[in-house]
Amino acid sequence: AQTVTQSQPEMSVQEAETVTLSCTYDTSESDYYLFWYKQPPSRQMILVIRQEAYKQQNATENRFSVNFQKAAKSFSLKISDSQLGDAAMYFCAYKGPGNTPLVFGKGTRLSVIA
Amino acid sequence: DGGITQSPKYLFRKEGQNVTLSCEQNLNHDAMYWYRQDPGQGLRLIYYSQIVNDFQKGDIAEGYSVSREKKESFPLTVTSAQKNPTAFYLCASRSEIPYEQYFGPGTRLTVT
């Protein structure tokens, strides 16, 4: 079964600095999708960024970018110019082919220090 | 506005009572999901449905039941057989490729 591992239960970053959250996954598939979700204190899950495995180019959404290393099965999230509103739980997720459900990691709690 | 609604936001029940959590979406998604989240924990999949009148058990289906009579609706019933029902419940629906999953605001269930 596919697994998603987030090895950093907690991280902190100074406001305006850059932080990288780690995620590794295990799969034998070649076609899949990877996601980062943010869950702020409101507990609303928000999609941050998506990466298709067939794309070599790393996805970017404003201050959020990923480092996708397919051979290493690594999918890290970089947050640039961190803001207080970035404080949240961040979940990495894997979606295999077909109608399989998303597989989530256990999350990383990010604190932003003013 | 397209989205997913869950009601109510907070729900209180006495032990031994069944309770149904509502989830409605107007995104025209076929796939819908129910997750449970305990404090400081990740998401655990309870049930999911790929199409109307069909659904599959997730990792922690015991003590829960679902129905999918309409594309827009996927209610979850927490039965009295669920040993620890107090939790935060999230509903989601998923698009076709690129498989983006969207979540409702959640329902906090407290059973005493």
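Right above here is the structure, for reference.
Residues numbered from 1 in each chain as written. Chains lettered and ligands numbered in written order. Predicted model: local features only at pLDDT ≥ 70, side-chain atom pairs only at ≥ 80, totals over all residues. Heavy atoms only, no water.

**Q** What am I meant to see in the pairing of strand E9 (residues 74-79) of chain A here?
**A** Consecutive side chains of a regular strand alternate in pointing toward one face of the sheet and then the other. Residues and elements named next belong to chain A. Bridge count for strand E3 (residues 19-21) against E9 is three bridges, and the pairing is antiparallel. Its bridge partner lying in E9, Leu21 is registered against Leu77. As judged from the six bridges shared by strand E8 (residues 64-69) and E9, these two strands associate in the antiparallel manner. For Phe64, the partnering residue across the bridge sits in E9 and is Ile79. Counted along the chain from E8 to the antiparallel partner E9, the turn is four residues long, and its residue Lys73 has a positive phi close to 55°. (Pairing = 2+ DSSP bridges. Helix = DSSP H or I, 4+ residues; strand = E, 2+ residues; numbered from the N terminus.)

**Q** Explain the interface of chain A and chain B here, please?
**A** In many analyses, interface size is given as the accessible surface area lost on bringing the parts together. Taken residue by residue, the interface counts 20 residues in chain A and 22 residues in chain B. Where chain A abuts chain B, roughly 1,800 Å² becomes buried across the two surfaces, and 57% of that area is made up of carbon and sulfur atoms. Taken as a group, A:Arg43, A:Asn99 and A:Pro101 account for 28% of the area that chain A buries against chain B, more than any other trio of residues on that side. For the pair chain A and chain B, the number of links is one salt bridge. Residue B:Glu100 is joined to A:Arg50 by a salt bridge in which the shortest nitrogen-to-oxygen separation is 2.2 Å. (Contact = heavy atoms within 4.5 Å. Buried area = accessible area lost by both parts, 1.4 Å probe. Salt bridge = Lys/Arg side-chain N within 4 Å of Asp/Glu carboxyl O.)

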